[in-house]
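Chain by chain, the residues run as shown.
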Amino acid sequence: MDISGTYIFSAPPARVWELLMDPAVIAGCIPGCETLEPDGADRYRARLSVALAAITGTYDGTVQISDKVESESYRLTVEGQGKPGFAKGSVLVALRADGANTVVDVSGSVQTGGAIARLGQRLIGGVSKMMQDRFFACLQGKL
């Protein structure tokens, strides 16, 4: 399933980059994030509690930041496993200046398996988009 979104921040790209690279800020903005702990260079162990329709569960996984071009772009790769199934995905996050603002474009794909995948791609896609929107709204509020 493909995911995408565009978000506008009232700050220059360098400031938005700082937010996106700050693990404490990120952990506070990921919906359902219980822990986000360093596990190497640009790698983190995470635990998330996710409620998706009738399936509620906790996911343990990893988050890896790669292909970093400071204040411009990076790739985020996520893998998680829990009782309801698994989720893994990769997104490209690109920042570009637009006057005094920064536009953040997100594009990538997510795969799910297990009971959570049986809910259907439309429902999972909607929840993924909602979580992504909440994450970026939280970040916007940190400026």
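Keep in mind it's a predicted model, so treat the numbers as computed, not measured.

The rules we used
Residues numbered from 1 in each chain as written. Predicted model: local features only at pLDDT ≥ 70, side-chain atom pairs only at ≥ 80, totals over all residues. Heavy atoms only, no water. Helix = DSSP H or I, 4+ residues; strand = E, 2+ residues; numbered from the N terminus. Rg over C-alpha atoms; globule rule 2.2 N^0.38 Å. Buried < 20%, exposed > 50% of the residue type's maximum accessible area, 1.4 Å probe, protein only. Contact = heavy atoms within 4.5 Å. Areas by Shrake-Rupley, 256 points an atom, 1.4 Å probe, with all protein chains shown as cover. Salt bridge = Lys/Arg side-chain N within 4 Å of Asp/Glu carboxyl O. Arc of directions from axis to C-beta. Pairing = 2+ DSSP bridges. Core = buried A, V, L, I, M, F, W, Y, C linked by side-chain atoms within 4.5 Å. Disulfide = S-S within 2.5 Å. Polar contact = N/O pair within 3.5 Å; in protein donor to acceptor, adjacent residues only side chain to side chain.

## Some words on the overall build of the protein
Right, so step 1: The secondary structure content of the protein amounts to three helices and seven strands.
Right, so step 2: Secondary structure elements in the protein, listed N-terminal to C-terminal, are β-α-α-β-β-β-β-β-β-α.
Right, so step 3: Relative to its length of 143 residues, the protein is compact, with a C-alpha radius of gyration of 15 Å against a globular reference of 15 Å.
Right, so step 4: Principal-axis analysis of the C-alpha atoms gives the protein an extent of 45 × 30 × 25 Å.
Right, so step 5: Taking all 143 residues of the protein together, the buried fraction comes to 38%.
Right, so step 6: Sequence-distant contacts, at least 24 apart, represent 51% of the contacts inside the protein between residues at least 6 apart.
Right, so step 7: Only carbon and sulfur atoms are counted for the fraction: they give 53% of the accessible area of the protein, which is about 7600 Å².

## Description of the pattern of salt bridges
Right, so step 1: Counted by the stated rule, this structure contains eight salt bridges.
Right, so step 2: The salt bridge partner of Arg45 is Glu37, with a shortest N-O separation of 3.1 Å.

## A short note on helix 1 (residues 13-20)
Right, so step 1: Within helix 1, the full set of buried residues consists of Pro13, Val16, Trp17, Leu19 and Leu20. Down the axis of helix 1, the sector holding all buried residues measures 160°, keeping them to one side.

## Focus: the pairing of strand 5 (residues 73-82)
Right, so step 1: Summarising the sheet, strand 5 and strand 6 (residues 85-98) pair through ten bridges and their orientation is antiparallel. From the neighbouring strand, Glu79 faces strand 6, where its bridge partner is Lys88.
Right, so step 2: Hairpin connection of strand 5 to strand 6: two residues between the antiparallel strands.

## Let's talk about the nonpolar core
Right, so step 1: Within the largest apolar cluster, 32 residues are counted, with the highest numbers of intra-cluster contacts made by Leu20, Val104, Phe136 and Leu139.
Right, so step 2: The contact partners of Phe136, leaving out residues within four places of it in the chain, are Tyr7, Phe9, Leu20, Val104 and Val106.

## Observations concerning the state of the cysteines
Right, so step 1: This structure, assessed with the given rule, holds one disulfide.
Right, so step 2: Shown here is the disulfide that connects Cys29 with Cys138, its sulfur atoms set 2.2 Å apart. Measuring the twist about the S-S bond at about -65°, one finds the Cys29-Cys138 disulfide to be left-handed. Taken as a pair, Cys29 in helix 2 (residues 23-29) and Cys138 in helix 3 (residues 121-141) lie far apart in primary sequence, 109 residues in all.
Right, so step 3: A relative accessible area of 4% means that Cys29 is categorised as buried.
Right, so step 4: Judged by relative accessible area, which is 23%, Cys138 ranks as partly exposed.

## Some remarks on the side chain of Thr102
Right, so step 1: One can find Thr102 in strand 7 (residues 101-113).
Right, so step 2: In this structure the side chain of Thr102 is engaged in a polar contact, spanning 2.5 Å, whose partner is the backbone oxygen of Ala11.
Right, so step 3: Of note is the side chain of Thr102, whose polar atom sits 3.4 Å from the backbone oxygen of Pro12.
Right, so step 4: The contact partners of Thr102, leaving out residues within four places of it in the chain, are Tyr7, Ile8, Phe9, Ala11, Pro12, Pro13, Val16, Leu95 and Arg96.

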